[in-house]
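As a plain string of letters, each chain reads:
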Amino acid sequence: MTVDVERPAAAGGRRRPAGRGLPARILLGPVDDPRWARPALLGVLALAAVLYTWALGRNGYANDYYSAAILSGTRSWKAFFFGAVDAGSFITVDKPPFALWVMGLSARIFGFGTWSMLLPQALAGVASVALVHSAVRRAFAWAGRTEDPVFAWTGRTGDPALAGARGHVAGLVAGLVMTLTPITVAINRDNNPDTILVLLLVAAAWFCAEAIRTGRMRTLVLCGLLVGMAFTTKMLQAYLVLPAFALVYLYAAPGRLLRRLGHLLVAGAVLLVSSAWWMVVVDLWPAADRPYIGGSTDNTVWDLVIGYNGLGRIFGREGGGGGGGGAGFGGASGAGRLFNDIMAGQISWLIPFAALALIAGLILTTRRPGRTPVPDSALTGDRSGPVGLLTERSSGPRAALLLWGGWLVVHYAVFSFSAGTFHPYYSTALAPAVAALAGLGGVLMWQAYRRTRAWAWALPLGIAVTGAWAFVLLRRTPTWTPWLAYAVAGLCAVAALGLLVLRLGGRGRTRPAAVALILGLVGGLAGPAAYALTPLSSAVNGTNPTAGPAGSGGFGGVGGPGGMGGPGGMGAPPAGTRDRVPGQRGDGPMGNPPAGFGGGGRGGNVSAAMISYLEKNRGGATWLLAVGSAQSASSIILSTGGEPVIAMGGFTGSDAAMTVATLKEYVTSGRLKYIMLGGGMGGPERGNDEVTAWVKANGTLVDASEYGGTGTAQALYKLG
């Protein structure tokens, strides 16, 4: 006997269609989703994958500093755990190692190379886009309730079938904005830790939103765990999201206040453990048996947290070595920093729209005094269970606006007013919030535009302001695609005027208004999209990746002559250095990066002839050579396939890692035979005169003719 089972009715009294198989669900999404939703999402993710991986191999080692640590980690598990620059574990990089672990594991599995190192970064960028889309989409459907936030303002209910479509549209807009953010494209093609940081924080935001929706402690605990992992990626920057996460959970999550406070305390404990475990282990490890903590003043991770990577970034050199130099990378601190000539083209395109969307969205989701909260059943049509109330506090879009708005406000304030070192690529952490607010607020303003004349101005104003600001940005480089500025301004002007005219004539016809809205979307994203394409055409500047034409991102922009990523700059290997250096041992199935060294490379101008001499005369020494800074050491490590090289002064050459006592011990034990002084990149000459004096008094100067050098830039000494 065959029994036909009738599927339950969907919201609004309609029957749910039959389910789809797994392949169909992957390509088309769940059966209740609009047919266009999943293909559109896959298209956005495919676009992100192309932008983040196209011609990725030309980026070589990207940032040599981190690449050397990744390669060293493939040769020594000790170096892997501590994040040491060299396989001998003399000194660590100046960040915690979680991002290095991700890339290092890939390099161990597939062999060290450009693709094995950078592909995980690109995939992390794509995953961030998918998570932003999901978080924004889910804000419009909470626990079976479909919401029309505009009706929260008017006190009316609407067609619940439209709520799912609104969520998908908002999510797609957010994903597209995230994908096309110029600085995000640049950093996702690099090996700096910010890509992994953003992925972890976006995942934490997703779980926080779920915890707010459901009130479940375990999802909030997962949020805390992910923020702790982000701390082990880039320390205190990870905590910039915490004020928004904690306050919005306390405000919007279901349950009694004491219950919510208890959940926050438990999640906070998990956050503390997941943040501090590596720091505690390293600081308790005997200092003589581990690397020196690069960037610290007292060889502890705690000092690195509160100094170089903490207060030093905010207040300058106070509390650590991370201060100073802010104006040299991201421009002078102040409220307008993110809109200056260096930063604006990287992140600011949609910040004005996001701010307007946040304000408008919060007003639209604020219930008028005297209005009765809307019952859940009025929106879902389901009266079989207990009737709850869709209060202002529990509104999904409102909670999402507060969550992402808090993220944006805190990051904007810290990034704008920090007096310490501030690189343009730090601003990629703003991209998820800007994207989410653009999607959430854009949909809310569109719904308000359609339903009430009182809000007919908001969306056209947002489009007009976006177009005007894009015009200003594009005209800052008038010789670069000069027509684009006028095209963007024209599209946005037509879209804004069209929306206003259509609305003044009545309720506004949906299709013409939708066409105008699409024109506005194209116009608003054309500028950042043009900037986002530029990193695909040249090698990334590993130490300071930016997007846009020459001169738009500081130090010459992407690939600009004389810029840090252009010919002669610091972002790519010098001319003639992309050939493999004899003795290179970094080959792997995922691709062999360019040597980044040789014939007078960056990082101290150490020649291939000198390296050959050192390898022949090294004997049983642990380290091939000791040099002044990690920038010098990194090039040699990469060029020799991971041979240990001591960076006596850390990244900048100013760390007090090498002492006379340590140097004597290394020489006496036969672990070090050669040291190089000079080269202009720091080291003993930048603050440790005792080491320099001891080397000159006790070492033997190697005649440059022995290794084919000139002896004019640096001096090689044999010790012992």
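Please refer to the structure higher up on the page.
Residues numbered from 1 in each chain as written. Predicted model: local features only at pLDDT ≥ 70, side-chain atom pairs only at ≥ 80, totals over all residues. Heavy atoms only, no water.

A. Broad picture of the overall build of the chain. If you tally the helices and strands in the chain, you get 27 helices and 9 strands. With 720 residues in all, the chain has 57% of them scored as buried. Within the chain, residue pairs in contact and separated by at least 24 positions form 70% of the contacts whose partners lie at least 6 positions apart. Summing over all exposed atoms, the chain offers an accessible surface of approximately 27400 Å²; the carbon and sulfur share of this is 65%. (Helix = DSSP H or I, 4+ residues; strand = E, 2+ residues; numbered from the N terminus. Buried < 20%, exposed > 50% of the residue type's maximum accessible area, 1.4 Å probe, protein only. Contact = heavy atoms within 4.5 Å. Areas by Shrake-Rupley, 256 points an atom, 1.4 Å probe, with all protein chains shown as cover.)

B. How the structure looks around helix α26 (residues 660-668). Residues of α26 that are buried: V660, L663, Y666 and V667. Looking straight down α26, one finds that the buried residues subtend no more than 125° of arc, so they occupy a single side. Turned more than 90 degrees away from the buried face of α26 sit A661 and T668, all of them exposed. Each element contacted by the buried residues of α26 is listed here: β6 (645-647), β7 (674-678) and α27 (689-698). Once α26 ends, the next one or two residues include G670, with phi positive near 80°. (Arc of directions from axis to C-beta.)

C. Looking closely at the environment of L71. By the element assignment, L71 lies in helix α3 (residues 64-75). The spacing of L71 and A84 is 13 residues in sequence and 10.0 Å in space, taken between C-alpha atoms. When near neighbours in sequence (up to four residues on either side) are disregarded, L71 contacts F112, I637, L638, G641 and G642.

D. Region of the structure containing the pattern of salt bridges. Under the definition given, this model contains 8 salt bridges. Two residues, D94 and K95, come together in a salt bridge whose shortest N-O distance is 3.3 Å. K95 shares its class with D94; the two are buried. Here R213 ties to E210 by a salt bridge, and the two come within 2.6 Å at their closest N and O atoms. With R213 and E210 both in helix α10 (residues 194-214) and 3 residues apart, this pair spans about one turn of that helix. If you follow the salt bridges from partner to partner, you end up with R75, R618 and E643 in one network. (Salt bridge = Lys/Arg side-chain N within 4 Å of Asp/Glu carboxyl O.)

E. Structural detail: empty space enclosed by the protein. Evaluation of the coordinates by the stated rule reveals 9 cavities of 30 Å³ or more. Looking at the second largest cavity, its volume works out to about 90 Å³. In this structure, the second largest cavity is lined by V177, L180, T181, P182, Q346, I347, W349, L350, A431, V434, L525 and P528. When contributions to the lining of the second largest cavity are tallied by element, the ones reaching two or more residues are α8 (161-180), α16 (344-347), α20 (431-451) and α23 (510-533). Tallied by class, the residues present in the lining of the second largest cavity amount to 10 nonpolar, 2 polar and no charged. (1 Å grid on protein atoms, 1.4 Å probe; cavity = no way out; pocket = protein on both sides within 12 Å on 5 of 7 lines; lining within 4 Å. Points joined across faces, edges and corners; volume = space filled by probe spheres on them. Nonpolar A, V, L, I, M, F, W, Y, C, P; charged D, E, K, R; others polar.)

F. Main features of the pairing of β7. Of all the 5 residues making up β7, 4 are buried; the element is thus mostly covered by neighbouring parts of the structure. Direction of pairing for β7 relative to strand β9 (residues 714-718): antiparallel, over a ladder of 5 bridges. Residue pairing in the sheet places I675 in a bridge with Y717 of β9. (Pairing = 2+ DSSP bridges.)

G. Layout of a nonpolar patch on the surface. On the surface, a cluster of nonpolar side chains totalling about 440 Å² of accessible area is made up of L22, I26, L27, L28 and L42. Among the elements that make up the nonpolar patch, the one with the highest residue count is helix α1 (residues 22-28) (4 residues). Mapped onto the elements of the fold, L27 is located in helix α1. Under the relative-accessibility criterion, L27 is labelled exposed at 52%. (Patch = residues over 30% accessible without salt bridge, like charges linked within 9 Å, V, L, I, M, F, W, Y side chains within 5 Å.)

H. Structural detail: the packing of aromatic side chains. What the rule picks out here adds up to 31 aromatic pairs. With a centroid separation of 6.1 Å and an interplanar angle of 35°, the aromatic rings of W101 and W277 are classed as tilted. Remark: W277 occurs in helix α13 (residues 257-284) and W101 occurs in helix α5 (residues 98-110); sequence separation between them is 176 residues. Between the NZ or CZ atom of R313 and the centre of the ring of Y308, over which it lies, the distance is 4.6 Å. (Phe/Tyr/Trp six-rings, centres within 6.5 Å; stacked < 30°, edge-to-face > 60°. Lys NZ or Arg CZ within 6 Å of the ring centre and 35° of its normal.)

I. Structural detail: the state of the cysteines. Considering all chains together, one arrives at 0 disulfides under this definition. Of all cysteine sulfurs in the structure, the one in C223 sits closest to C208, which takes part in no disulfide; the separation is 4.5 Å. We classify C208 as buried; its relative accessible area is 0%. (Disulfide = S-S within 2.5 Å.)

J. Representation of α10 in the model. For α10, built from 21 residues, the straight-helix expectation of 30 Å at 1.5 Å per residue is met to within 8% by its first-to-last C-alpha distance of 30 Å. Counting buried positions over the 21 residues of α10 gives 17, a clear majority of the element. G215 sits one or two residues past α10 and shows a positive phi near 75°. (Expected span 1.5 Å × (residues − 1).)

K. Broad picture of the environment of S274. For S274, the position within the fold is in helix α13. Taking the relative accessible area as the measure of exposure, S274 reaches 7% and is therefore buried. Other than its neighbours up to four places away in sequence, S274 contacts G224, L225, G228, M229 and T232.

L. Representation of the packing of α10 against helix α11 (residues 217-234). At a closest axis distance of 8 Å, the pairing of α10 and α11 adopts a crossing angle of 165°. Judged on the interaxial angle alone, α11 and α10 are roughly antiparallel. The hand of the α10/α11 crossing is left-handed. Judged by residue contacts, D194, I196, L197, L200, L201, A203, A204, F207, C208, E210, A211 and T214 of α10 engage T219, L220, L222, C223, L226, V227, M229, A230, T233 and K234 from α11. Taken together, the residues that form the contact of α10 with α11 break down as 16 nonpolar, 3 polar and 3 charged. (Axes fitted to C-alpha atoms, helices over the stretch in contact; angles between N-to-C directions. Parallel < 35°, antiparallel > 145°, perpendicular 65-115°, else oblique. Left-handed = near helix turned anticlockwise from the far one by under 90°.)

M. Seen up close, unusual backbone geometry. Despite not being glycine, A55 shows a phi value in the positive range, around 50°. Here A55 is to be found in the loop between α2 (37-53) and α3. Backbone geometry at N299 places phi at a positive 65°, although glycine is not the residue there. By the element assignment, N299 lies in the loop between α13 and α14 (301-315).

N. Molecular detail of the side chain of K234. Summarising the element assignment, K234 is placed in helix α11. Look at K234 and you get buried, because its relative accessible area is 6%. A polar side-chain atom of K234 sits 3.2 Å from a polar atom in the side chain of Q237. Leaving out residues up to four positions away in the same chain, K234 has contacts with K95, P96, D194, L197, Y425 and Y426. (Polar contact = N/O pair within 3.5 Å; in protein donor to acceptor, adjacent residues only side chain to side chain.)

O. Representation of the packing of α3 against α5 within the structure. Packing of α3 against α5 brings their axes to within 9 Å, and their N-to-C directions diverge by 55°. Between α3 and α5, the angle is such that the two are oblique. α3 and α5 meet at a crossing whose hand is right-handed. Residues Y66, A69, I70, G73, T74 and R75 of α3 form the contact with α5, whose participating residues are L100, M103, G104, A107 and R108. Classifying every residue of the contact of α3 with α5 by side-chain character gives 6 nonpolar, 3 polar and 2 charged.

P. Broad picture of the environment of F140. Along the polypeptide, F140 turns up in the loop between α6 (114-138) and β1 (141-142). Spatially, the C-alpha atoms of F140 and S395 are 8.7 Å apart, while their sequence positions differ by 255 residues.

Q. Highlighting the pairing of β9. Bridge count for strand β8 (residues 700-701) against β9 is 2 bridges, and the pairing is antiparallel. If you follow T700 over to β9, its bridge partner there is K718.

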